Amino acid sequence: MTTAVSTSAAPHPRNPPAASITLLGMGAIGTLMAWHWRSQRLFCLSRSQQGCERRIQDQQGANHTLLLPHWDHAPTDWLVITTKAADTLNALRPLQPDLPRINNILLLQNGMGQQQQVAEWLSQFSQAPQLWVGISTEGAYRSSQQQVIWAGCGETCIGRWSEQDRIPAPALPNTRSVSDIHTRMRAKLAINAVINPMTAVLQCRNGELLSNADYSRQMTLLANEIQWLYQQLGWSLDFSLAQRAAEVAQATANNLSSSLQDVLNQRPTELNYITGFLLQQAQKHQLSLPHSEYWLQQLGERSRNE
Ligand SMILES: NC(=O)c1ccc[n+]([C@@H]2O[C@H](COP(=O)([O-])OP(=O)(O)OC[C@H]3O[C@@H](n4cnc5c(N)ncnc54)[C@H](OP(=O)(O)O)[C@@H]3O)[C@@H](O)[C@H]2O)c1
């Protein structure tokens, strides 16, 4: 079954007024969120400065076409950024003249470092939007430039970037507004910092980190190192990272991590915003992370040799 959905349809009079959401980064997760938000007033910002047509295959295997007009620069409730972490500031900077017309910016990405960069950049402007950050356990991948496969159902949590500011999030459908987003982001970062660099270097599925005794031993060493770093930084992790990373690897045994997918597709990985970010934090406190450094270096070596 193929359904075409134009996202600018007028809301039903009984429904709450649709939010105006502008998506910057119409790749896998951007397209999936557009599908979830299809009853809202959606716009996109593409490199070509034109509207976007994307196809998404839902979990029942049905295909849908989404047509998003290019943002017309009218006031928007949300600018949602779903580029890879490294592209964030480059994508956002050209929008500086539009900042007074954007109420909220949501960074919906993995990794850390880019949020602080955006917060610092925004702090220069008197009429800056509110900054929100989010993490998602949804899974989607691109089978071609315009086709996205919704691979796994999950949850998207959002919260204010500024920890002092506890105002509740204005409604954003299909997301949960939480007050502990920083703790959640750090927990996700820790797990990614174990699974992603190892699977990218070893070029293995997540489950092999457990089934191969040598990989499993190395995974424990890496997890213990990151758990130790978090303790030194005063970042609370209320679980054993070695155990949680093993549980995640088991539950996703057949999956290729996003970093491995990037390596296989010869795209830059986000590891500078995962392992690299943790190494920067360690360096600031004169701490050393030999295992994390080893895996990041291995990836550098590998990409130089290819
Ligand atoms: N995919 C998932 O299941 C998933 C789940 C949770 C979190 N995440 C996180 O979500 C983020 C995005 O991941 P993804 O898998 O969706 O990546 P992706 O498929 O590569 O999508 C990124 C999109 O951003 C676009 N982009 C980059 N710079 C741009 C610019 N200056 N102007 C306009 N568009 C720009 C890219 O366009 P081009 O194609 O033209 O480069 C691409 O369409 C990452 O941080 C990822 O870790 C992903």
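Sequence order sets the numbering: in each chain, residues are counted from 1 along the sequence as written. Reporting of local features is limited, given that this is a predicted model, to residues whose pLDDT is at least 70; pairs of side-chain atoms are given and counted only at 80 or more, and all residues count toward the totals for whole chains, interfaces and linings. Hydrogen atoms and water are omitted, and side-chain values are computed over all heavy atoms in the structure.

## A closer look at the nonpolar core
One broad rule of soluble globular proteins: the nonpolar side chains tend to lie buried together. Threshold: We define a nonpolar core as any set of buried Ala, Val, Leu, Ile, Met, Phe, Trp, Tyr and Cys residues linked to one another through side-chain atoms lying within 4.5 Å. The classification of residues rests on relative accessible area computed with a 1.4 Å probe and restricted to protein chains. Under 20% of the type maximum is buried, over 50% is exposed, and intermediate values are partly exposed. Working definition: helices are DSSP H or I runs of at least four residues, strands are E runs of at least two. Numbering for both runs from the N terminus. Note that domain bounds follow an automatic or database assignment of domains. By the convention used here, residues are in contact when the closest approach between their heavy atoms is within 4.5 Å.
Core analysis: the largest hydrophobic core is formed by 65 residues, its most contacted members being L79, I105, I226, L241 and L278. Looking at this core element by element, the count peaks at 12 residues for helix α4 (residues 181–202). The two domains that each donate at least three residues to this core are domain 1 (2–178) and domain 2 (184–305). Those residues within four positions of I226 in sequence are excluded, and the remaining contacts are A190, A193, V194, L241, L278 and S292. Of all hydrophobic cores here, the second largest spans 24 residues; its members include L32, A34, L42 and L108.

## As for the environment of L32
By secondary structure assignment, the location of L32 is in helix α1 (residues 28–36). The buried category is assigned to L32, whose relative accessible area is 0%. The residues touching L32, leaving out its near neighbours within four places in the chain, are I56, E138, G139, A140 and W150.

## Quick notes on the pairing of strand β4 (residues 52–57)
This is how it is decided: Any two strands with at least two DSSP bridges between them are considered paired.
Side-chain alternation along β4 places C52, R54 and I56 on a buried face and E53, R55 and Q57 on a face that remains uncovered. Where β4 and strand β5 (residues 63–68) come together, 6 bridges link them in antiparallel fashion. Counterpart to I56 in the pairing with β5 is H64. The antiparallel pairing of β4 with β5 creates a hairpin that spans 5 residues between the two strands, and G61 there sits at a positive phi of about 90 degrees.

## Some points on the domain arrangement of the protein
So the rule is basically this: Defined in terms of a 1.4 Å probe, buried area is the accessible area two parts forfeit on being brought together, summed over both. By salt bridge we mean one thing: a side-chain nitrogen of Lys or Arg within 4 Å of a carboxyl oxygen of Asp or Glu.
The domains assigned to the protein are domain 1 (2–178) and domain 2 (184–305). Each side of the interface is counted separately: domain 1 has 18 residues, and domain 2 has 12 residues. Interface area lost by domain 1 to domain 2 is led by K84, M112 and I135, which between them contribute 43%. Applying the counting rule to domain 1 against domain 2 returns 1 salt bridge. In this structure, K84 engages D262 in a salt bridge whose closest nitrogen and oxygen atoms are separated by 3.2 Å.

## A look at the sheet that holds strand β12 (residues 176–177)
The criterion, for reference: Comment: axis = line fitted to C-alpha atoms, over the contacting stretch for helices; angle = value between 0 and 180 degrees taken between N-to-C directions.
Overall, mixed pairing links the 7 strands, which are arranged β3-β2-β6-β7-β8-β11-β12 in an open sheet. The two strands at the open ends of the sheet, each matched to only one other strand, are β3 (41–45) and β12. Where strand β8 (residues 130–136) lies against strand β11 (residues 156–160), 5 bridges are found, and the strand directions are antiparallel. Pairing of W132 across the sheet is with R160, part of β11. Packed onto the sheet, helix α3 (residues 114–122) meets β7 (102–108) and β8 and runs at close to 170 degrees relative to β8.

## Digging into the packing of α4 against helix α9 (residues 275–284)
Worth spelling out the cut-off: Roughly parallel refers to an angle under 35 degrees, roughly antiparallel to one over 145, roughly perpendicular to one between 65 and 115, and oblique to any angle outside these ranges.
Interaxial distance between α4 and α9 falls to 9 Å at its minimum, and their mutual angle equals 120 degrees. Judged by the angle between their axes, α4 and α9 are oblique. Here L189, A193 and P197 of α4 come into contact with α9, specifically with T275, F277 and L278.

## Observations regarding the pattern of salt bridges
With the rule as written, the count across this model stands at 7 salt bridges. Of the charged contacts, one joins R244 and E247 as a salt bridge, the two residues approaching to 3.7 Å between their closest N and O atoms. On the criterion of helical spacing, the pair formed by R244 and E247 is a turn pair, its members being 3 residues apart in helix α7 (residues 241–251). You can call R244 partly exposed: its relative accessible area is 31%. What makes E247 partly exposed here is its relative accessible area of 41%.

## So, the layout of surface pockets
This is how the line gets drawn: Residues are said to line a cavity or pocket when one of their atoms sits within 4 Å of a point; the points come from a 1 Å grid over protein atoms alone, cavities being sets where a 1.4 Å probe fits but cannot get out and pockets being open sets with protein on both sides within 12 Å along at least five of seven lines. Grid points are joined across faces, edges and corners, and a volume is the space filled by probe spheres set on the points. Gly counts as polar in this scheme, as do all residues outside two lists: the nonpolar Ala, Val, Leu, Ile, Met, Phe, Trp, Tyr, Cys and Pro, and the charged Asp, Glu, Lys and Arg.
In this structure, the second largest pocket spans a volume of roughly 340 Å³. Residue lining of the second largest pocket: 17 residues in total, with G113, Q116, W161, F277 and Q281 positioned closest to the centre. Residue contributions to the lining of the second largest pocket peak at 4 residues, all from α9. Grouping the constituent residues of the lining of the second largest pocket by class yields 5 nonpolar, 9 polar and 3 charged. Taken together, domain 1 (2–178) and domain 2 (184–305) each give at least three residues to the lining of the second largest pocket, which thus spans both.

## Examining the UniProt feature "domain: Ketopantoate reductase C-terminal" (unreviewed entry) in the protein
Just so we agree on the cut-off: UniProt positions are given in the numbering used here, feature names are shortened, and annotations may be inferred rather than shown by experiment.
Cross-referencing UniProt, the feature "domain: Ketopantoate reductase C-terminal" (unreviewed entry) maps to residues 180–299 in the present numbering. Measuring from the first to the last C-alpha atom of residues 180–299 gives 32 Å, for a span that is 71% helix and 0% strand.

## Let's talk about the UniProt feature "transmembrane region" (unreviewed entry) in the protein
UniProt's feature table lists "transmembrane region" (unreviewed entry) at residues 18–37, given in the numbering used throughout. Annotation note: span residues 18–37, helix share 45%, strand share 25%, distance between end C-alpha atoms 9 Å.

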